[in-house]
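# Coordinate analysis (summary)
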Amino acid sequence: MRDPHGWRRGPDTVGAGTSAALALAVGFLSLRFWEWRPGVPVSVVGDAPLVLTQVDEIVRHGWFWSNAQVGFPLGQNASFFPELDVVHVIGVKLLGLLGAGPATASALYFLLGWPLVAVTTYLLARSERLRAPAAVVVAVLFAAAPYHAERFEHLWLASYWTLPLAIWVVLAVLRGTGPFDPGVGGSRPRRVLQVVALVLVGMSGAYYAGFTVILLVAALVLRAGSGRSRGWWRGGLVSAAVVGAVAAVPLFAARVGMSGTVLTGPRPATRSPLESERYAGRVIDLVLPWEGHRIDALASLTATYQAAGKPVPETLALGAVGLVGAVALLVVGLQALATRRVPVSRLAVWSALAVVAGLFYTAGGLGSVVALFATPQLRTWSRFSLVILLLGLLAVGHWLDRRRARLLASALACGVLVVGVLDQTNPRRAPDYVANAARMDDLRTYTEDLTRATGGECGVLQLPVMRFPEGVLPTGYDINAQLLPHLVTRSLSFSHGGMSGTRAGDWPLGLELSDPTALVTGLRAAGFCAVEVDTAGVALDEPAVARLTGRLGEPVARTPDSQRFLAWALPEATGSEADRERLLSPVLVGLASGALVVDDDTVSQEGGPRSGLTTANLSDRPVTGIAVSVSVTSLGSPSREVVVRDGTRELARVTAVAGRATPMALTLTAPVGYQRLTIEVEGDPVRNAADRSVSVRFTDLTVTAPGTTRVVSLHDQARTGAIHP
């Protein structure tokens, strides 16, 4: 029986089931999942601790808008770093309702990504009139995308099963048969399913929703030159609006969650248009083998090339099969332009869509145009490689679908499937579950010892101090490592995890490490009972750290195997509300410029023609009379005029010269919240060693203020080695 979508319910149920089973087997083998045990995380590095923190909140509370156990004592307000992955949150929550803990629920949902991708890809291939064997090959190979098995750190992006649904609707709009296109009769069930697909895509995260909106608009542009009915443009725009409206719902909820919170710095994850260049892709990244290829020589080729050139933040390789299909689509498009010969209809639309995806994917492409003139928030345009891969695999499916003897057709399909799976997967790259379990057991023992020593139900100050979620890290430090301890205890809360740009995340940047007595009093007043040092991020012999730990005596807990985390119990101290407020309400003065560099006792930053002098006042009243001094050295020119302005008002002016630091002084007022004053530098900039445009070097920013208000220089804080502004 054939339904309105062109699918045959009985056979296609078998085909979808076969695709899901094969993809599940591929995922199981790729992950060596038989070695996994319930309660063990798939990964504990990179962004994995952040994902586990989110899943922990989802399982326990239903969402991850807030978390009192991290960012102590003010807690984490995750509305400032919103996720739009509603459909995946629901999936993880359902696993949690079945009794799965955060590590188990996230691991199972990760594995389920393979069959889910395979099912939706199979249905897409069948809707494109590929016969079942070819559709199964396309489905399994797309589920086994080269990076899939290593993408747990980005669990929501790894759950890309909504992308085939998006391409299904985009292709329909391109052909004039979208859910809201006029004059498409007799297809109400299809329209309903297409609307459901749009809703699911809108609920699947900013990237896939954003890419879908872009592709829907591109589909309208591609249709503009062809014969069309009246109102042809309406259906595509409505489809794009549906995706945008659905994606906007969690954004609106996040806005509500942020309301009432005073910003003390730039909002977390605020992107710059220039980041679209850094995180775009290159054609060569699609062509080279996967860097984790099971053939060492191929893996080394890619590793050598990337080491010599631009670092690639994510796996972009299409794999051999996907690459052949993508090249074939490019050839089809070029032939159509050169000869005006009309290609097979489905190849024509796949080719057009692949070209569009490529134009957004590449560095300096249309993604940069969107970042500059619309929004810079979708910075990782290289993720369009998944769209290119899907379309390339469909092209291979078209070739497999040609009329052949049954035995030959089956042999070709099996051969392509085996070659593709072997090329795109490598079980040797599977997670080390034993090491992950050992690390979590190590932390569990550590937190249990710390709880016994302190009585629990209190906070732990974590050193080093870093901004969250995207801050400057100590050299070689594993981002988000400080989120792991809270996952193995319910008795202790931890300071790391407050959102940067809010008081909850910024107050640790002003810690008084130079005065351990005052610091201990303030920490006790704020509910802290211990100090933790992660020796992978700060040395115990750093003078500022040694002064504090020397005051606290011997450690009361340490991770047994690695000896990485050490903790000291805070002595009893009588603290008042005033001591608590003093701790949590510093005024931070810094420079919005290049990276902070600490060289011996000198702290410097290099800035371009327009830098900034910033204040972050975490108290509840303006602070006046702050005296600021910073030394300025001209770069690339004998001399440059440097001017600090508050709007149009000039606060300071100095002539910076090359080779000698010239002091510049001014007095300013820090209003409640965040303030950025402009530092203008005359003349053309030059390129520094990091290939950035610079005009001056700022060194040794110092600040003083009258009264009891605590005003600190972020240069002084960086000098401690334990605080990374």
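Note that the structure is a prediction, hence the values are computed from the model and not measured.

Moving on to the overall build of the protein chain. Counting secondary structure elements, the protein chain contains 24 helices and 22 strands. A compact globule built from 725 residues would reach a C-alpha radius of gyration of about 27 Å, and the protein chain, at 28 Å, matches this within 12%. The principal-axis extent of the C-alpha atoms belonging to the protein chain is close to 85 × 60 × 50 Å. Residues classed as buried in the protein chain amount to 56% of the 725 residues present. Within the protein chain, contacts between residues separated by at least 24 positions form 78% of all contacts whose residues are at least 6 apart in sequence. When the accessible surface of the protein chain is totalled, it reaches about 29,300 Å², and 60% of it is carbon and sulfur.

With that settled, consider helix H19 (residues 433–454). Relative to the 32 Å expected for 22 residues at 1.5 Å per residue, H19 spans 31 Å between its end C-alpha atoms, a close match to the ideal helical length. Taken as a whole, H19 has its buried residues at Tyr433, Asn436, Met440, Asp442, Leu443, Tyr446, Thr447, Leu450 and Thr451. Summarising the contacts, the buried residues of H19 are in contact with strand S3 (458–463), strand S5 (492–494), strand S6 (528–534), strand S7 (557–558) and strand S8 (565–569). Of the residues one or two after H19, glycine 455 is the one with positive phi, at around 90 degrees.

Taken as a whole, this structure holds 35 salt bridges when the rule is applied. Between arginine 175 and glutamate 128 there is a salt bridge; the shortest N-O distance is 2.7 Å. A residue pair is termed long-range when its members are at least 10 positions apart, and arginine 175 in helix H7 (residues 163–175) and glutamate 128 in the loop between helix H4 (102–127) and helix H5 (132–143) qualify at 47 residues. Note on arginine 175: relative accessible area 34%, which makes it partly exposed.

For the structure shown, the criterion picks out 17 aromatic pairs. Their ring planes at 5 degrees and their centres at 6.3 Å tell us that tryptophan 381 and phenylalanine 384 sit as a pair that is stacked. Residue tryptophan 381 is classed as buried on the basis of its relative accessible area of 0%. Here phenylalanine 384 falls in the buried class, since its relative accessible area comes to 0%. Through a chain of ring-to-ring contacts, three or more aromatic side chains come together here, namely Phe28, Phe33, Trp34, Trp36 and Tyr433. Positioned above the aromatic ring of tyrosine 279 is the side chain of arginine 379, whose terminal nitrogen or guanidinium carbon lies 4.3 Å from the ring centre. Positioned over the ring face of tyrosine 207 is arginine 383, at 4.4 Å from the centre of the ring.

So, about the sheet that holds strand S11 (residues 602–607). Spatial strand order, S10-S11-S20-S13-S16: 5 strands in an open sheet with antiparallel pairing. Either end of the sheet is taken by a strand with one partner, and the two such strands are strand S10 (597–599) and strand S16 (662–670). Ignoring which end each strand starts from, the neighbouring axes of this sheet average 35 degrees apart. In this sheet, S11 lies alongside S10 in antiparallel orientation, the contact comprising 3 bridges.

Here the structure, examined in full by the defined rule, presents 1 disulfide. Each disulfide pairs two cysteine sulfurs, and for cysteine 458 the partner residue is cysteine 529, the sulfurs being separated by 1.9 Å. Residues cysteine 458 and cysteine 529 are joined by a disulfide whose S-S torsion is about 55 degrees; by sign, that bridge is right-handed. Of this pair, cysteine 458 sits in strand S3 while cysteine 529 sits in strand S6, placing them 71 residues apart in sequence. No difference in accessibility class separates cysteine 458 from cysteine 529, as the two residues are buried.

Turning our eyes to something else, we now look at unusual backbone geometry. Put simply, phenylalanine 72 and proline 73 share a cis peptide bond, and its omega is 10 degrees. Secondary-structure assignment places proline 73 in the loop between strand S1 (66–67) and strand S2 (76–77). The omega torsion of the bond from leucine 463 to proline 464 falls at 5 degrees, within 30 degrees of zero and hence cis. You can see proline 464 is positioned in the loop between S3 and strand S4 (465–466).

Turning next to the environment of glutamine 335. Along the chain, glutamine 335 falls in helix H14 (residues 319–339). Using a relative accessible area of 37% as the deciding quantity, one classes glutamine 335 as partly exposed. Those residues in contact with glutamine 335 that sit more than four places away from it in its chain are Arg340 and Arg341.

Looking now at a nonpolar patch on the surface. A surface patch of nonpolar side chains, amounting to about 910 Å² of accessible area, comprises Leu330, Leu334, Leu337, Val355, Leu359, Leu366, Val369, Leu372 and Phe373. Taken together, the elements giving at least two residues each to the nonpolar patch come down to H14, helix H15 (345–361) and helix H16 (366–373). The element contributing the most residues to the nonpolar patch is H16, with 4 residues. As for its position among the elements, valine 369 is in helix H16.

About the cut-offs
- Residues numbered from 1 in each chain as written.
- Predicted model: local features only at pLDDT ≥ 70, side-chain atom pairs only at ≥ 80, totals over all residues.
- Heavy atoms only, no water.
- Helix = DSSP H or I, 4+ residues; strand = E, 2+ residues; numbered from the N terminus.
- Rg over C-alpha atoms; globule rule 2.2 N^0.38 Å.
- Buried < 20%, exposed > 50% of the residue type's maximum accessible area, 1.4 Å probe, protein only.
- Contact = heavy atoms within 4.5 Å.
- Areas by Shrake-Rupley, 256 points an atom, 1.4 Å probe, with all protein chains shown as cover.
- Expected span 1.5 Å × (residues − 1).
- Salt bridge = Lys/Arg side-chain N within 4 Å of Asp/Glu carboxyl O.
- Phe/Tyr/Trp six-rings, centres within 6.5 Å; stacked < 30°, edge-to-face > 60°.
- Lys NZ or Arg CZ within 6 Å of the ring centre and 35° of its normal.
- Pairing = 2+ DSSP bridges.
- Axes fitted to C-alpha atoms, helices over the stretch in contact; angles between N-to-C directions.
- Disulfide = S-S within 2.5 Å.
- Patch = residues over 30% accessible without salt bridge, like charges linked within 9 Å, V, L, I, M, F, W, Y side chains within 5 Å.

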